[in-house]
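In case you want the letters, here they are:
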Amino acid sequence: MAIEVRIPTILRNLTDGAKSVEGKGGTLDELFGDLDARHPGLRGRLVDEKGLRRFVNVYLNDEDVRFLGGLDTQVSDGDTVTVLPAVAGG
Amino acid sequence: MRYDSLLDSVGRTPLVGLPRLSPSPEVRLWAKLEDRNPTGSIKDRPALWMVNKAEKDGVLTPGCTILEPTSGNTGISLAMAAKLKGYRIICVMPENTSEERRQLLRMWGAEIIPSPAAGGSNEAVRVAKGLAAENPDWVMLYQYGNEANALAHYESTGPELLEDLPTITHFVAGLGTTGTLMGTGRFLREHVPGVKIVAAEPRYGDLVYGLRNIDEGFVPELYDASVLTTRFSVTSGDALRRTRQLLEQEGIFAGISTGASLHAALGMAAKAVKASERADIAFPVADGGWKYLSTGAYHGTLDEAESALEGQLWA
């Protein structure tokens, strides 16, 4: 088992077109680090020195990680992480 | 109830219990029927507040043209108000919105400028901002950054909920402009210690997120994350399933964004049951299902409805 990470269209150039990739780690930060080893540059598109980038939303099993623990959010095998750009509604 | 005019009848919508969907007598769900507003959606509130504020501030004067980026409902509400008050109105609307929304907008006299489907409402905002710069005499009320949008809910939706449901523990609503959640959320937080404010954000197909780069993302100026307890991303499939469940079990014919709110509300209800806590969870029925009939949301299998909705903006 691993953690499934869904990648938005706009970042699939970094995953050879894959819609979702698998990774491991105890926290979101570790997971992104793990992904970056196989998909160089991915972490930098999601995170800057202040944490998650402003226009990047990340959901752990559909809940926004900014309301869980940000990059320190605990993740475990079987979880699904979804990355999406922020878009307008209304 | 008697009102001087249609505009005076905005708000004061019924709050109805959902006995069949509520998990127990201690954990109850409540729906606020915003489809009972004059144009059939919750957006009549912010539209009226924004127009009144602009008139009071002297920004909107007789003969003015209103410009607004909208995926539909706010535009329809503004068009109704504009018709009654004598303004011209132009709406910038993404191509991937339901045909009913376009027909309704035209019916109330709005002119429509389509914006590209890819990028969804982000593109509508971008196009509208460009038009506003080229036409400085047009008045863009700009629902995403207009404090009167959130204020409408702070002054009406919030107080109505508290009056009808003093024991409220959770308020759940769709996240678009963020106005409903910001305004209602702020009011409830000031009056109900520990109240939970929960956002249900629509998750669309890939097309809608088809930005050219991630820095073109958009966060409404009104958004203040500190008002929220948490935020869920609800897929089209889950929203459709709950929309049908609401019709099937409680007889309420709602639009698809209401299904997304119900999905998050049921999630919070399950948490309360697990923790043996009492809960009164309210959410708005933001609009009725009428505008979405052509999307196929209400007939055929769920899978068929979901694929028919692929790429469409449903909130």
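Values in this document were obtained by computation on a predicted structure and should not be read as measured data. (Residues numbered from 1 in each chain as written. Chains lettered and ligands numbered in written order. Predicted model: local features only at pLDDT ≥ 70, side-chain atom pairs only at ≥ 80, totals over all residues.)

**Student:** I would appreciate a short explanation of the overall build of chain A in the present structure.
**Tutor:** Secondary structure summary: chain A contains two helices and seven strands in total. Within chain A, the fraction of its 90 residues that count as buried is 37%. If you take every contact in chain A between residues at least 6 apart in sequence, the share linking residues at least 24 apart comes to 45%. (Helix = DSSP H or I, 4+ residues; strand = E, 2+ residues; numbered from the N terminus. Buried ≥ 20, exposed ≤ 12 C-beta atoms within 10 Å, placed from the backbone. Contact = placed C-beta atoms within 7 Å.)

**Student:** Before we go on, may I ask you to explain the nonpolar core in this structure?
**Tutor:** The nonpolar side chains of a soluble globular protein tend to be buried, and buried together. Residue and element names in this part refer to chain B. Counting residues in each nonpolar core, the largest one holds 120 residues, and the members touching the most others are Ile89, Val172, Ala200, Ala264, Ala265, Ala269 and Ile281. In terms of residue count, helix α8 (residues 256-274) provides more of this core than any other element does, nine residues in total. Not counting residues up to four positions away in its chain, the partners in contact with Ala265 are Leu29, Val172, Ile281 and Phe283. (Core = buried A, V, L, I, M, F, W, Y, C linked by C-beta atoms within 7 Å.)

**Student:** Which parts of the structure should I look at to understand the sheet that holds strand β3 (residues 65-69) of chain B?
**Tutor:** What links the strands of a sheet is backbone hydrogen bonding, and the strands pair in either a parallel or an antiparallel sense. All names here are of chain B. Spatially, four strands are ordered β5-β4-β3-β6 in an open sheet, and the strand pairing comes out parallel. The strands lining the two open edges of the sheet, one partner per strand, are β5 (111-115) and β6 (139-140). Bridge analysis of β3 against β6 gives two bridges, and the strand direction is parallel. Looking at β6, one finds that Ile66 is bridged to Val139. (Pairing = 2+ DSSP bridges.)

**Student:** Just to check I follow, could you spell out the interface of chain A and chain B for this structure?
**Tutor:** Accessible area lost when the parts come together is the quantity often used to give the size of an interface. Residue-level contacts link 22 residues of chain A with 32 residues of chain B. Among the elements of the structure, β5 (56-60), β6 (63-64) and β7 (80-85) of chain A are those that each provide at least two residues to the side of chain A that touches chain B. A breakdown of the residues in the side of chain A that touches chain B according to their chemical character gives 11 nonpolar, four polar and seven charged. (Nonpolar A, V, L, I, M, F, W, Y, C, P; charged D, E, K, R; others polar.)

**Student:** Would you explain the packing of helix α1 (residues 44-56) of chain B against helix α5 (residues 147-164) of chain B in this entry?
**Tutor:** When two helices pack together, their arrangement is given by the angle between the helix axes and the distance between those axes. Residue and element names in this part refer to chain B. Where α1 meets α5, the closest approach of the two axes is 8 Å, and the angle between their N-to-C directions is 115°. Between α1 and α5 lies a crossing of right-handed hand. Along the contact surface, α1 presents Arg45, Pro46, Trp49, Met50 and Lys53, while α5 presents Ala148, Asn149, Leu151, Ala152, His153, Ser156 and Thr157. Taken together, the residues that form the contact of α1 with α5 break down as six nonpolar, four polar and two charged. (Axes fitted to C-alpha atoms, helices over the stretch in contact; angles between N-to-C directions. Left-handed = near helix turned anticlockwise from the far one by under 90°.)

**Student:** What should I look at first to understand the environment of Ala173 of chain B in this one?
**Tutor:** Residue and element names in this part refer to chain B. By the secondary structure assignment, Ala173 is in strand β7 (residues 170-174). Separated by 125 residues in sequence, Ala173 and Leu48 have C-alpha atoms that sit 20 Å apart. With residues up to four places along the chain from it excluded, the contact list for Ala173 reads Thr180, Leu181, Thr184, Ala199, Ala200, Ser261, Phe283 and Pro284.

**Student:** Mind showing me how you'd approach helix α1 (residues 28-38) of chain A here?
**Tutor:** Within an α-helix, residues lying three or four positions from one another point in the same direction, as the helix has 3.6 residues per turn. Residue and element names in this part refer to chain A. Within the span of α1, buried status applies to Leu28, Leu31, Phe32 and Leu35. When α1 is viewed along its axis, its buried side chains cluster within an angular range of 95° and face the same direction. Looking at the packing, one finds that the buried side of α1 touches β1 (3-6), β2 (20-23), α2 (42-46), β3 (47-48), β5 and β7. (Arc of directions from axis to C-beta.)

**Student:** Would you explain α8 of chain B in this entry?
**Tutor:** Residues and elements named next belong to chain B. For α8, spanning 19 residues, the distance from its first C-alpha to its last is 28 Å, which sits close to the expected 27 Å at 1.5 Å a residue. Within α8, 14 of the 19 residues are buried, which leaves the element mostly enclosed by the surrounding structure. Looking one or two residues past α8, Ser276 carries a phi angle of roughly 55°, positive in sign. (Expected span 1.5 Å × (residues − 1).)

**Student:** It is not clear to me how unusual backbone geometry should be interpreted in this structure. Could you clarify?
**Tutor:** With a phi close to 80°, Asp62 of chain A is a non-glycine residue in the positive phi region. Here Asp62 of chain A shows up in the loop between β5 and β6. Unlike most non-glycine residues, Arg12 of chain B shows phi in positive territory, near 50°. Tracing the backbone through its elements, the reader meets Arg12 of chain B in the segment before β1 (15-17). Using a count of 13 C-beta atoms within 10 Å as the deciding quantity, one classes Arg12 of chain B as partly exposed.

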